[in-house]
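# Structural overview for review
Below, each chain spelled out in residue letters.
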Amino acid sequence: MSDATRTEHDLIGDREIPITAYWGVHTLRAMENFPITGIPIGISPFLVEALAAVKEAAASANHDLGLLDDERFAAIRTACEEIREGALHDEFIVDVIQGGAGTSTNMNANEVIASRANEIATGTRGGRSPIHPNDHVNMQQSSNDSIPTAMHLAAATALRQALSPALEQLRRACPSSASSATAPITALTSSAFRSTCALATATRCVSRGERAFRCKARPRRSFSACARRRSRLTRR
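Definitions and limits used
Residues numbered from 1 in each chain as written. Predicted model: local features only at pLDDT ≥ 70, side-chain atom pairs only at ≥ 80, totals over all residues. Heavy atoms only, no water. Salt bridge = Lys/Arg side-chain N within 4 Å of Asp/Glu carboxyl O. Helix = DSSP H or I, 4+ residues; strand = E, 2+ residues; numbered from the N terminus. Buried < 20%, exposed > 50% of the residue type's maximum accessible area, 1.4 Å probe, protein only. Core = buried A, V, L, I, M, F, W, Y, C linked by side-chain atoms within 4.5 Å. Contact = heavy atoms within 4.5 Å. Axes fitted to C-alpha atoms, helices over the stretch in contact; angles between N-to-C directions. Left-handed = near helix turned anticlockwise from the far one by under 90°. Nonpolar A, V, L, I, M, F, W, Y, C, P; charged D, E, K, R; others polar. Pairing = 2+ DSSP bridges.

## Here we look at the pattern of salt bridges
Under the criterion given, the structure shown has 10 salt bridges. For the salt bridge of Glu119 with Arg116, the shortest nitrogen-to-oxygen distance reads 2.9 Å. Of this pair, Glu119 and Arg116 both sit in helix α4 (residues 103-122), 3 residues apart, which is roughly one turn of the helix. Judged by relative accessible area, Glu119 falls into the buried class, the value being 16%. Through salt bridges with shared partners, a single network forms among Glu82, Arg116, Glu119 and Arg125.

## Description of the nonpolar core
Judged by nonpolar contacts, the single largest core of 36 residues is most densely connected at Trp23, Ile76, Ile83, Phe92, Val112, Ile113 and Ile131. Mapped onto this core, the elements with two or more residues apiece are α1 (25-33), α2 (45-64), α3 (70-84), α4 and α6 (143-173). Apart from the residues lying within four places of it in its own chain, the contact partners of Phe92 are Pro40, Ile41, Gly42, Val48, Leu51, Ile83, Asn108, Ala109 and Val112.

## Things to note about the environment of Met107
Relative to the helices and strands, Met107 resides in helix α4. Along the sequence, Met107 and Val137 sit 30 residues apart, while their C-alpha atoms lie 9.6 Å from each other. If near-sequence neighbours (up to four positions away) are discounted, Met107 is found in contact with His26, Thr27, Pro133 and Asn134.

## Comments concerning the packing of α1 against α4
The geometry of α1 relative to α4 is characterised by a closest axis approach of 8 Å and an angle of 145° between their N-to-C directions. In the packing of α1 onto α4, the handedness of the crossing is left-handed. Contacts between α1 and α4 involve Val25, His26, Thr27 and Ala30 on the former and, on the latter, Ser104, Met107, Asn108 and Glu111. Class assignment for the residues of the contact of α1 with α4 results in 3 nonpolar, 4 polar and 1 charged.

## A look at the pairing of strand β1 (residues 5-9)
In β1, alternate side chains face the same way, and those of Arg6 and Glu8 are buried while those of Thr5, Thr7 and His9 on the opposite face are not. Pairing of β1 with strand β2 (residues 14-18), which is carried by 5 bridges, proceeds in the antiparallel orientation. Residue pairing in the sheet places His9 in a bridge with Asp14 of β2. Hairpin connection from β1 to β2: 4 residues lie between these consecutive antiparallel strands, with Gly13 at a positive phi of about 155°.

This is the structure:
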């Protein structure tokens, strides 16, 4: 493995980052500040992919508003799509337990996406030009909105893709006389799924730059769409 490094700077000073890494100085600081469990956030693909979805949606909104040029937007979108398809999850290395209400997680995502976007645009991994982790990937965002939004999306996706199929498999494995015992679990899961979908729909609207009142004007429609989808999944 290469020992080569690149120098990155923050308000505290300069640090050497492995040249092969997609994460940067803020992620390194978080690793040093919060060595709590040794479990990285990359262990949760649902969260990592949800973070990429939020960043892609925000970039799309900023591009539509004329705040992000075509070249930067294209590179950020491609990087996010790659992560949503399973790439670079091992670059999300900050601890699952950390201070700062998710700031370290948000910056880890910003740095990985910017690093990959720069590699797409210039052929060189890392750095802050032409795509900056804060100025471009995190444009018009805060950890206080991007992290809750990603958590809602991750929960909705996990319920749909993991928990719901597992419960259906359990239901089929149980004898018919025991089906009534699993009904409360299924009902609870269905309710949680619908509530999470409603939250994810609202927060996704905000991420796409839509006005908050539009989200409030369409809760029944969004809720019904989730309920119909859940009903189809249950029938399968």
